[in-house]
Amino acid sequence: MLDLKYIISNLDVVKEKTKNRNYDFDFDLLISENNKRKNIINEVEKLKADRNAISKQVGILKREGKDTTELQEQVKRDASKMQELDEALSKCDENIRNMLLNLPNEIDDTTPVGKDENDNVEVRKWGEPRKFDFEPRNHWDIGADLGIIDFERGVKIAESRFNVLAGLGARLDRAISSLMLDMHREKGYIEMSVPYLVNTKAMIGTGQLPKFAEEAYICERDNLYLISTAEIPVTNLYADEILDSKDLPIYNTSLTACFRREAGSYGKDTKGLIRNHQFNKVELVKICSAETSIEEHEKLTHDAEMVLQALNLPYRVMALSSGDIGFSSAKTYDLEVWLPGQNCYREISSCSNYKDYQARRANIRYRDKDGKVKFAHTLNGSGLAVGRTLVAVLENYQNADGSVTIPEVLRPYLGGLDIIKKG
RNA sequence: GGAGAGAUGGCCGAGUAUGGUCGAAGGCGCUCGCCUGCUAAGCGAGUAUACUGGGAAACCGGUAUCGAGGGUUCGAAUCCCUCUCUCUCCGCCA
């Protein structure tokens, strides 16, 4: 949520930046609603001030044993007017809040302006894609042949876009998760184990609602949502809190399953593990002050990159353009890993600086050194998507005979195992 | 699932029976100043948030907020109703 006062006093900039997202927003309606609101406040608060003053008088007179009937009658006359105005005011407040909840974050000045993902800008590249002396295969062929990914049975017990990892597939998934969590813990992140179901308030806090209700699985009976990312529970841990500046920055990491309906992506990546309804992800979440968030964002991205480097997986870092960046984000770097089976780079992590956008929604604040209460900045990034990392390992480490070499750093997590072979 | 107790500022905690002088005692914490070889202690002062009006600003006024929402009343932290959450006991259970 952007600050309404900021929007009004920087209207041209905000309009321009919203337009750069290809996002339509009725700023005129917002402003007229706000003017209406101020007028009502003026009127109703005068009435209330009168009422309070008279009520005070009544109290004093009653104690002296004097008659107050006339004063009481006087207040009664304005009661219905006050109620009317109060109702109009709450309606106004609600309208404004809804509008603000549906206005995306202001893009950072360094976010490249562009139409869509084709305008994303490559920031850096790491590693050389391996040269194969055979035709590299897709991970779903490799996985099925090795018997470590079972696509059919996942569909049988749930529906399409669900899969089952079996044997070394499941163990490899766990090894990858553990490696990531250990690496992040060593960098100072606190590991968190959090609920996979959250309430509406949390979903609004991080920006999934009201705009993206279609993406979420709902447990209607209990009015809870399955999380689409650990960002939701971990960021909202601090909702409605005033943190001490001594406790900032907060570094958290969390492994959770993530649930996404993938509405509107029918036909996209239907094969394999790339786009599933449920996948594991290790998330990095930071809460920090406004002064440090740009630097913390760079560091967070770096921390996610280190996992790819440890696994020796080639990748590139993309700065998302204004047309591709997420609704709540001011600036986002995507990490894209090289997938030889598909001969392209694919997103494996998304690292975003939300600045105070989520903090305003979730009411996450801190007291700075002067004792002033300020909105915090929130950041998060995948470090990394576990399923997609599994994909990258299978495709990058595949051998001509269909086996897959285990990357060195994962071997301690697999009892020293160095290769997955058929049978 | 059954029975009971509770929710007050950054934190703890009084106030609720008897509605008005309660934005709310006291303590802790924090900030500033004093004092003391240093630290600790001590002394003094200050210390909620949001919205809104005026002002260049310092600041001054108004409104709202004692879990949330409604109601009674001239007036609600205090009385009534609904909901949410927390705790204790019982039952069930990984």
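(A) A look at the overall build of chain A. A count of helices and strands for chain A gives 12 helices and 18 strands. Principal axes of the C-alpha set define a box for chain A whose edges measure 100 × 45 × 45 Å. Long-range pairs, those at least 24 residues apart, make up 74% of the contacts in chain A between residues at least 6 apart in sequence. In the structure as shown, chain A presents an accessible area of about 21,000 Å², 48% of it carried by carbon and sulfur atoms.

(B) Main features of the protein's contact with RNA strand B. Near RNA strand B lie 23 residues; those nearest to it are Arg-37, Glu-45, Ala-49, Arg-51 and Ser-55. Here a base nitrogen of RNA strand B and a side-chain polar atom of Glu-45 are 3.0 Å apart. One of the backbone N or O atoms of Ser-55 is found 2.6 Å from a base nitrogen in RNA strand B. For the surface near RNA strand B, the secondary structure elements donating two or more residues are helix 3 (27-63), helix 4 (69-101) and strand 14 (365-367). If you tally residues by element for the surface near RNA strand B, the top one is helix 3, at 14 residues. In the surface near RNA strand B, the residues fall into 6 nonpolar, 6 polar and 11 charged.

(C) Seen up close, the pattern of salt bridges. Across all of its chains, the model carries 25 salt bridges by this definition. Between Glu-33 and Lys-36 there is a salt bridge, with its nearest N and O atoms 3.8 Å apart. Of this pair, Glu-33 and Lys-36 both sit in helix 3, 3 residues apart, roughly one helical turn. According to the relative accessible area criterion, Glu-33 is buried, its value standing at 7%. Lys-36 gets classed as partly exposed once you look at its relative accessible area, which sits at 44%. The closest approach of N and O atoms between Glu-262 and Arg-275, which form a salt bridge, is 3.4 Å.

(D) Structural context of unusual backbone geometry. In this model, Leu-209 is joined to Pro-210 through a cis peptide bond whose omega is 5 degrees. Relative to the elements of secondary structure, Pro-210 occurs in the loop between helix 8 (200-206) and strand 6 (218-219). Note the cis peptide between Gly-383 and Leu-384, where omega equals 10 degrees. Notably, Asn-223 is not glycine yet its phi reads approximately 55 degrees, a positive angle. Of note, Asn-223 is situated in the loop between strand 6 and strand 7 (224-226). Judged by relative accessible area, Asn-223 falls into the partly exposed class, the value being 45%. A positive phi angle is found at Asn-363, which is not glycine, with a value near 60 degrees.

(E) Region of interest: the side chain of Asp-334. By the secondary structure assignment, Asp-334 is in strand 12 (residues 331-339). It turns out Asp-334 is buried and unbridged, and the closest side chain with the opposite charge, Arg-388, is 7.6 Å from it. Here Ser-350 takes part through its side chain, which lies 2.7 Å from a polar atom of the side chain of Asp-334. In contact with Asp-334, not counting residues within four places along its chain, are Arg-316, Val-317, Met-318, Leu-320, Glu-347, Ser-349 and Ser-350.

(F) Geometry of the sheet that holds strand 13 (residues 344-355). Taken in spatial order, the 8 strands of this open sheet run 1-11-12-13-16-10-9-4, and their pairing is mixed. Of all the strands in the sheet, just strand 1 (121-126) and strand 4 (190-191) have a single pairing partner and so form its edges. As paired elements, strand 9 (residues 250-259) and strand 10 (residues 278-288) share 10 bridges and run antiparallel to each other. Of the residues in strand 10, the one forming a bridge with Asn-252 is Val-285. On top of the sheet, helix 10 (residues 293-310) reaches strand 1, strand 9, strand 10, strand 11 (315-319), strand 12, strand 13 and strand 16 (377-385); it is set at about 5 degrees to strand 16, its chief contact. Across the sheet, helix 12 (residues 386-396) lies against strand 9, strand 10, strand 12, strand 13 and strand 16, angled at about 35 degrees from strand 16, the strand it touches most.

(G) Here's a closer look at the packing of aromatic side chains. Going through the model one piece at a time under the given rule, you end up with 9 aromatic pairs. Geometrically, the ring pair formed by Trp-338 and Tyr-345 is edge-to-face, given 5.0 Å between the ring centres and 65 degrees between the ring planes. Note on Trp-338: relative accessible area 13%, which makes it buried. Three or more aromatic residues joined by ring pairs form one cluster here, namely Tyr-23, Phe-212, Phe-327 and Tyr-357.

(H) Looking closely at the nonpolar core. Counting residues in hydrophobic clusters, the biggest one holds 49 residues, and the most contacted among them are Leu-172, Ile-176, Leu-308, Leu-313, Leu-384 and Leu-410. With 7 residues, the single largest contributor to this core is helix 7 (residues 168-186). When residues no more than four places from it in sequence are discounted, the contact partners of Leu-384 are Met-180, Lys-281, Val-282, Ala-304, Val-307, Leu-308, Leu-335, Ile-348, Ser-349 and Thr-389. Val-14, Phe-27, Met-99 and Leu-100 belong to the second largest nonpolar core, which has 16 residues in total.

(I) Local environment of the sheet that holds strand 5 (residues 197-198). Read from one edge of the open sheet, 3 strands run 5-7-6, paired in antiparallel fashion. Lying at the two open borders of the sheet, with one neighbouring strand each, are strand 5 and strand 6.

(J) Spatial organisation of helix 4. The terminal C-alpha atoms of helix 4, which comprises 33 residues, lie 47 Å apart, in line with the 48 Å expected from a rise of 1.5 Å per residue. Of all the bends in helix 4, the largest measures some 35 degrees and sits at Ala-79. Among all positions in helix 4, only Val-75, Met-82, Leu-85, Leu-89, Cys-92, Ile-96, Met-99, Leu-100 and Leu-101 are buried.

Reading guide: rules and limits
Residues numbered from 1 in each chain as written. Chains lettered and ligands numbered in written order. Predicted model: local features only at pLDDT ≥ 70, side-chain atom pairs only at ≥ 80, totals over all residues. Heavy atoms only, no water. Helix = DSSP H or I, 4+ residues; strand = E, 2+ residues; numbered from the N terminus. Contact = heavy atoms within 4.5 Å. Areas by Shrake-Rupley, 256 points an atom, 1.4 Å probe, with all protein chains shown as cover. Near = heavy atom within 4 Å. Polar contact = N/O pair within 3.5 Å; in protein donor to acceptor, adjacent residues only side chain to side chain. Nonpolar A, V, L, I, M, F, W, Y, C, P; charged D, E, K, R; others polar. Salt bridge = Lys/Arg side-chain N within 4 Å of Asp/Glu carboxyl O. Buried < 20%, exposed > 50% of the residue type's maximum accessible area, 1.4 Å probe, protein only. Lys, Arg positive; Asp, Glu negative; His and termini not counted. Pairing = 2+ DSSP bridges. Axes fitted to C-alpha atoms, helices over the stretch in contact; angles between N-to-C directions. Phe/Tyr/Trp six-rings, centres within 6.5 Å; stacked < 30°, edge-to-face > 60°. Core = buried A, V, L, I, M, F, W, Y, C linked by side-chain atoms within 4.5 Å. Expected span 1.5 Å × (residues − 1). Bend = angle between axes of the 7 residues up to and from the residue.

Just geometry here; none of it tells us what the structure is for.
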